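Residues per chain, in single letters:
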Amino acid sequence: MKFDIITIFPNIVEEYINTGIVSKALKKGIVEINVHDLRKWTSDNHKTVDDTPYGGGPGMIMKIEPIFKAIQELKKENTIVAITTPKGEKLVQSKLKDFSLNQDLHMIILCGRYEGFDQRIHDNLVDYEFSIGDYVLSGGELPALVLVDGITRLLPGVLGNEDSLKDESFNDDSLEYPQYTKPEEFNGWKVPKVLLSGNHKEIFEYRQKNKKIV
Ligand code: ADE
């Protein structure tokens, strides 16, 4: 599984992927992630990646040329070119699961900035436009990381405890049940008795009953 993330803020992305679960997956060689500075594919002295919109209006638009060059260089036969946009398909757990099952997945992720991309990028260069929710962020770095993290943690061998994935209620479209750890009582707030009972059937039933369905 390989990701090429294209951004004008590589440091934000590097920092996240080199921490925690994703960095473990990188070290184990389960996933390969290359972070690219989009400005690498500019040809002017100012390394321009954005410009004003034709027809006027506020904000700046991501230019097509550097993105076109980046894709040309990085794209292979089976590559999915993804783009972050609040107008895209809403990312859901089942989609992450589908991606995670594709061992040969190679994905280029274009992180948006400014007011969006030149429409010709959407129309001609992209396979998958995704949103992480109905709100507008100042850039696509967080959505890109959400996608990479959400897929990576599902890959075999990434989470220390494989059971935590099997059990994870997100996989059957529901949220976790409530969990507790020591101490049994804190500040007068107690752990439900059933969880201390050792009765596996009752614990299972408690968890089923208290799962939060999405
Ligand atoms: N870029 C800005 N907001 C976004 C969102 N909610 N999802 C994906 N990309 C975005």
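These figures come from a predicted structure and were not determined experimentally.

Section: the overall build of the protein
Argument step 1. When helices and strands are tallied, the protein shows eight helices and eleven strands.
Argument step 2. Its C-alpha radius of gyration of 21 Å places the protein more than 25% over the 17 Å reference for a compact globule of 214 residues.
Argument step 3. Projecting the C-alpha coordinates of the protein onto the three principal axes gives extents of approximately 70 × 40 × 30 Å.
Argument step 4. When each of the 214 residues of the protein is scored for burial, the buried share is 42%.
Argument step 5. For the protein, long-range pairs separated by at least 24 residues make up 75% of all intrachain contacts whose partners lie at least 6 apart in sequence.
Argument step 6. As displayed, the protein has an accessible area near 12900 Å², and 52% of this comes from carbon and sulfur atoms.
Argument step 7. One finds the centroid of the 27 positive side-chain charges in the protein at a distance of 4 Å from the centroid of its 33 negative side-chain charges.

Digging into the site of the ligand
Argument step 1. By nearness alone, every residue bordering the ligand is listed as Thr84, Thr85, Pro86, Phe130, Ser131, Ile132, Gly133, Tyr135, Val136, Leu137 and Pro143.
Argument step 2. One of the backbone N or O atoms of Ile132 is found 3.0 Å from a nitrogen atom in the ligand.
Argument step 3. One of the backbone N or O atoms of Gly133 is found 3.1 Å from a nitrogen atom in the ligand.
Argument step 4. Contact with the protein chains hides 95% of the accessible area of the ligand, taken as 270 Å² for the molecule alone.
Argument step 5. Secondary structure elements with two or more residues in the shell around the ligand: β5 (79-90) and β7 (128-131).

Re the packing of aromatic side chains
Argument step 1. Applying the stated criterion across every chain yields a total of three aromatic pairs.
Argument step 2. Here the aromatic rings of Phe99 and Tyr128 are separated by 5.4 Å at their centres, their planes lie at 65°, and the arrangement is edge-to-face. Separated by 29 residues along the polypeptide, Phe99 in helix α4 (residues 93-100) and Tyr128 in strand β7 bring together distant segments of the chain. Like Phe99, the residue Tyr128 is buried in the burial classification.
Argument step 3. Aromatic ring contacts, followed pair by pair, group Phe99, Tyr128 and Phe130 into a single cluster.

Side note on the domain arrangement of the protein
Argument step 1. Taken domain by domain, the protein comprises domain 1 (2-152) and domain 2 (167-213).
Argument step 2. For domain 1 versus domain 2, the separation of C-alpha centres amounts to 37 Å.

Looking at helix α6 (residues 141-152)
Argument step 1. The end-to-end C-alpha distance of α6 is 16 Å, a good match for the 16 Å that twelve residues give at a rise of 1.5 Å each.
Argument step 2. Burial of α6 is extensive: nine of the twelve residues sit out of reach of the surface.
Argument step 3. Within the span of α6, buried status applies to Glu141, Pro143, Ala144, Leu145, Leu147, Val148, Gly150, Ile151 and Thr152.

So, unusual backbone geometry
Argument step 1. Of the consecutive residues Lys182 and Pro183, the connecting peptide bond is found in the cis state with omega at 10°.
Argument step 2. Of note, Pro183 is situated in the loop between β8 (174-175) and β9 (185-186).
Argument step 3. For Lys47, which is not a glycine, the phi torsion comes out positive at approximately 55°.
Argument step 4. On the secondary structure map, Lys47 appears in the loop between β2 (32-37) and β3 (50-51).
Argument step 5. Located in the positive-phi region is Tyr114, a residue other than glycine, with phi close to 60°.
Argument step 6. Relative to the helices and strands, Tyr114 is located in the loop between β6 (106-110) and α5 (119-125).

Things to note about the pairing of β5
Argument step 1. Both β5 and β6 contribute to a ladder of five bridges, which runs parallel. Within β6, the position partnered with Ile83 by the bridge is Leu110.

Some details on the pattern of salt bridges
Argument step 1. A full pass over the atoms with the stated rule returns six salt bridges.
Argument step 2. Ionic pairing is found between Glu65 and Lys63, a salt bridge with its closest N-O pair at 3.5 Å.
Argument step 3. In this structure Lys63 comes out as partly exposed when scored by relative accessible area, which is 21%.
Argument step 4. Measuring nitrogen to oxygen at the nearest pair gives 2.7 Å for the salt bridge that ties Arg120 to Asp118.
Argument step 5. Accessibility expressed as a relative area gives 44% for Arg120, which makes it partly exposed.

Criteria and cut-off values
- Residues numbered from 1 in each chain as written.
- Predicted model: local features only at pLDDT ≥ 70, side-chain atom pairs only at ≥ 80, totals over all residues.
- Heavy atoms only, no water.
- Helix = DSSP H or I, 4+ residues; strand = E, 2+ residues; numbered from the N terminus.
- Rg over C-alpha atoms; globule rule 2.2 N^0.38 Å.
- Buried < 20%, exposed > 50% of the residue type's maximum accessible area, 1.4 Å probe, protein only.
- Contact = heavy atoms within 4.5 Å.
- Areas by Shrake-Rupley, 256 points an atom, 1.4 Å probe, with all protein chains shown as cover.
- Lys, Arg positive; Asp, Glu negative; His and termini not counted.
- Charge placed at Lys NZ, Arg CZ, Asp CG, Glu CD.
- Near = heavy atom within 4 Å.
- Polar contact = N/O pair within 3.5 Å; in protein donor to acceptor, adjacent residues only side chain to side chain.
- Phe/Tyr/Trp six-rings, centres within 6.5 Å; stacked < 30°, edge-to-face > 60°.
- Domains from an automatic or database assignment.
- Expected span 1.5 Å × (residues − 1).
- Pairing = 2+ DSSP bridges.
- Salt bridge = Lys/Arg side-chain N within 4 Å of Asp/Glu carboxyl O.

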